[in-house]
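# Analysis of the macromolecular model
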Amino acid sequence: MRFSVSQLRSIPEVERALVVVLAHALNEINALNKLAFMSTRFSPEPTWLAHAEAAQTFILVRPLAGKLNEAWEAMQRGFFKTKLAKEYERDLEASATESLVFLKGYFGRKNAVNVVRNNFGFHYSLEHAKTAIPDEALPDDLAVYLHETNGNSLYYFAEYLMTKALIEEISPLKPDEALERLLTEVSTVIDHLNEFVQGLLL
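Anyway, here's the lowdown on the structure attached to this text. (Residues numbered from 1 in each chain as written. Predicted model: local features only at pLDDT ≥ 70, side-chain atom pairs only at ≥ 80, totals over all residues. Heavy atoms only, no water.)

Along helix 6 (residues 112-121), eight of the ten residues are buried, which leaves the element largely enclosed by surrounding structure. Lining the buried residues of helix 6 we find helix 3 (47-80), helix 5 (94-107), helix 7 (126-129), helix 8 (156-170) and helix 9 (175-201). The N-terminus of helix 6 is capped by Asn111, whose side-chain oxygen sits 3.3 Å from the backbone nitrogen of Val113. (Buried < 20%, exposed > 50% of the residue type's maximum accessible area, 1.4 Å probe, protein only. Helix = DSSP H or I, 4+ residues; strand = E, 2+ residues; numbered from the N terminus. Contact = heavy atoms within 4.5 Å. Polar contact = N/O pair within 3.5 Å; in protein donor to acceptor, adjacent residues only side chain to side chain.)

And the structure:
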């Protein structure tokens, strides 16, 4: 598929802005998702490598969740508030309609994506950094890996504590389920967002 200059210019400005922003958002979201997926193949040994891989995964998942929330906010402003929803919802294919229904329901309630975006995705929260250090924390959990090249150093203790704070924020009563819940929700939202945007483009 290719657009001509005249085709793009013929799309009303409000609609064109929405299409460009959502397609741009999906490019970023899908790229981050692939990188996050590749980083989840942890090596159990040596410990420093396992720590580096785990840290990289959460470093990618946090902004990924934030981008999902921002894509929804763009839809709020560009699809619902501009009244384009009334014009186009009835013409969507069934799969795109189902995805839109899911997205409305998901973002219409408290969700892990929003929690991560507001507290960890794009902000450095001093409040969350005050999380209690667990008694069972091992010395390896509180490690710093220094390298002669600064960009290759890893301050793992910080990732350990901030991930603990993230888990407590998502599911304080069931911390063992928090990470799986976050990854499942992120994956499901990505699927539905892709389906809806493609349907809207068509």
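Another aspect to go through is the packing of helix 5 against helix 9. Two elements in contact, helix 5 and helix 9, have axes separated by 8 Å at closest approach and are oriented at 135°. One element, helix 5, and the other, helix 9, form an angle in the oblique class. In this structure, helix 5 meets helix 9 at a crossing whose hand is left-handed. Each of Ser95, Ala96, Ser99, Leu100, Phe102, Leu103, Tyr106 and Phe107 in helix 5 lies in contact with helix 9, whose residues at this interface are Glu185, Thr188, Val189, His192, Leu193, Glu195, Phe196 and Gly199. Its residues assigned to classes, the contact of helix 5 with helix 9 shows nine nonpolar, five polar and two charged. (Axes fitted to C-alpha atoms, helices over the stretch in contact; angles between N-to-C directions. Parallel < 35°, antiparallel > 145°, perpendicular 65-115°, else oblique. Left-handed = near helix turned anticlockwise from the far one by under 90°. Nonpolar A, V, L, I, M, F, W, Y, C, P; charged D, E, K, R; others polar.)

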